[in-house]
Amino acid sequence: MINPIKGLHKEFEKEAIPHTDILYNYALRMTGNADDAHDLLQETFLKAYRFWDKYEKGTNVRAWLFRIMKNTYINVYRKAVKEPDTVDYNDIQNFYNIIREDSTDANDLQEKLFGHLLDDDITKALESLPEEFRTVVILCDIEGLTYEEIAEFVECPVGTVRSRLHRGRKLLYSKLFEYAKKRGFVGKD
Amino acid sequence: MDCQEFRELISDAVDERLGPGYRRTFADHAGSCRNCRNEFELERITKQVIRTRVRPATAPAEVYESLRSTIRRSPSNSQGWLGIIFGGEFLNPAVALVALLVIVVGAISLLQKNNAIPLSTEKNIIAQSINNYTATMAGILKPELVSHDPDDIKDYLSKDTPFDVSVVTLDGCDWCGGVLSNVNGVRLVHVVYKIGGEGILYVYQVNLQEAMRGERVGLPEHAKSVLAKTGWYCEQTPEGCNVVLWRHKNTLCAAVSKIEKGKMIALLSDKKP
């Protein structure tokens, strides 16, 4: 007779461990440092293992693990992290106008704004997005998940994923523009 | 398509999700409206920048190792308490079934006797320990934490406990578990060991001075007297359980098990600090 504890370990490891990278990446982008990301990952896997009997076999285990991580983050880590300031959408519209006047085409804009920015600036801008926007941008633009998968991960309608992505990317653009202005890569208005 | 409709479709267009019908009207509008075209381009560029400049992080190898190791040391609800008890690697199914029946019968009997109190509220420490051992075997008293590493259990039980908790490495121990409780306002610690091939060993722990004062929990006089003289006290219940009491620093420990008395003392003696 096979040891049920060892069998359970093996089953859990086989199902859950392959999703470590996507969870670690999300944890890193949400907490902003490797130590907290590791802790969040550990806590997520411990909870998942503890409640493995609640997981419906054959359903999306990656989405299930992600939801555990997201809830753990909200309950434990978010309290300790100051949420980024919200951005006034009128500012973004004004920013669009400035950009349009400064540049002739989109490729010129891309080079002008991002050609000189450090990867760290871009990561920082991403990590400063409000959580609900950051989550969908990470899942779509870094992990390459479909809207339908993201909707399952964050438990919301596809339409909400779409609008969060749109608003999240606009916010991100405005933040990157601010970095570029501060570093003198674009003219100050 | 007007500007409002166009903006609602920007993300779909950026992520190449537009159907052929929409693609055409979207492109037509972008060609005729500079503001909308720019907004689309900005979002497209943003996605491209994130995709190319923010690399997905890969968990380091030690993270994987640490996860595996943590999982192997952790209990799962799926195992169930009785599942853990009968989790021997090659346990004969027939033996497991008989043992399970014995426990079920014991549990029913216990439920009828004491109305299923999870932890004994008796003042007498020996009676408490025996009741708790019975409740453990019946699956009524369940450890809050189970681990293969005694230090995990000790750390957990030591938090806010006003005496030295003893959780030791015993030969042949498959796992150990722990529960905290308060009886009559006194903090109690309960440790359960599963000894391969021997069975369950339950150990009750309480502050030694509290036990000796005997106001809220206490010992019968003869047990107290023997313990004070020798540092040990043993007795056997009519049901064949062995009870062994000893002192560990400022803690009184009371072990109960059906493990044979000599083996039980040898087991505990070896590890006696």
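Residues numbered from 1 in each chain as written. Chains lettered and ligands numbered in written order. Predicted model: local features only at pLDDT ≥ 70, side-chain atom pairs only at ≥ 80, totals over all residues.

Tell me about the overall build of chain A, and name the residues and values.
Across its full length, chain A carries 10 helices and zero strands. Secondary structure elements in chain A, listed N-terminal to C-terminal, are α-α-α-α-α-α-α-α-α-α. Counting only residues that meet the buried cut, chain A has 37% of its 189 residues in that class. Long-range contacts, defined as pairs at least 24 residues apart, comprise 72% of the intrachain contacts of chain A with a sequence gap of at least 6. (Helix = DSSP H or I, 4+ residues; strand = E, 2+ residues; numbered from the N terminus. Buried ≥ 20, exposed ≤ 12 C-beta atoms within 10 Å, placed from the backbone. Contact = placed C-beta atoms within 7 Å.)

Let's hear about the packing of helix α7 (residues 119-127) of chain A against helix α10 (residues 158-182) of chain A: which residues, and what values?
Residues and elements named next belong to chain A. At a minimum axis separation of 9 Å, α7 and α10 run at an interaxial angle of 140°. Taken as axis vectors, α7 and α10 run oblique relative to one another. The handedness of the crossing between α7 and α10 comes out as right-handed. Together, Asp121, Ile122, Ala125 and Leu126 of α7 and Leu172, Lys175, Leu176 and Tyr179 of α10 make up the contact between the two elements. (Axes fitted to C-alpha atoms, helices over the stretch in contact; angles between N-to-C directions. Parallel < 35°, antiparallel > 145°, perpendicular 65-115°, else oblique. Left-handed = near helix turned anticlockwise from the far one by under 90°.)

I'd love a proper account of the nonpolar core, names of residues and values included.
Of all hydrophobic cores here, the largest spans 52 residues; its most connected members are Leu23(A), Ala27(A), Met69(A) and Val137(A). Counting residues per element, this core draws most heavily on α10(A), which supplies eight residues. In terms of nonpolar packing, the next biggest core, distinct from the first, is built from 45 residues, Val191(B), Val206(B), Val217(B) and Leu267(B) among them. (Core = buried A, V, L, I, M, F, W, Y, C linked by C-beta atoms within 7 Å.)

Just give me the short version of the confidence of the model for chain B, but keep the residues and values in it.
All names here are of chain B. Taken over all residues, the pLDDT of chain B has a mean of 79, while the share at 70 or more is 80%. Looking at the elements of chain B, mean pLDDT is at its lowest for helix α6 (residues 81-85), recorded as 45, and at its highest for strand β7 (residues 251-257), recorded as 94. Counting contacts from residues 78-91, a segment whose pLDDT is below 50, to residues more than four positions away or on other chains yields 32 contacts. When the criterion is pLDDT under 50, residues 105-117 qualifies, and its contacts beyond four places in sequence or with other chains add up to 12 contacts. The ipTM value of the predicted complex is 0.81, and its pTM value is 0.54. (pLDDT = per-residue confidence, 0-100.)

Can you explain the environment of Lys47(B)? Please cite residues and give values.
Its place among the elements puts Lys47(B) in helix α4 (residues 34-53). Sequence separation between Lys47(B) and Ser11(B) is 36 residues, and the spatial gap between their C-alpha atoms is 9.8 Å. Excluding its chain neighbours within four sequence positions, the residues that come into contact with Lys47(B) are Asp141(A), Arg169(A) and Val14(B).

Give a description of the pairing of strand β3 (residues 186-195) of chain B that names residues and reports values.
Residues and elements named next belong to chain B. Among the 10 residues that make up β3, eight are buried, leaving the element largely enclosed by the rest of the structure. Where strand β2 (residues 173-183) meets β3, 10 bridges bridge the pair, whose relative direction is antiparallel. Bridging across to β3, Trp175 finds its partner in Lys194. Linking two consecutive strands that pair antiparallel, namely β2 and β3, is a turn of two residues; a positive phi of about 55° is found at Asn184 within it. Relative to strand β4 (residues 199-207), β3 is paired through seven bridges, and the arrangement is antiparallel. Bridge pairing in β4 places Lys194 opposite Ile200. (Pairing = 2+ DSSP bridges.)

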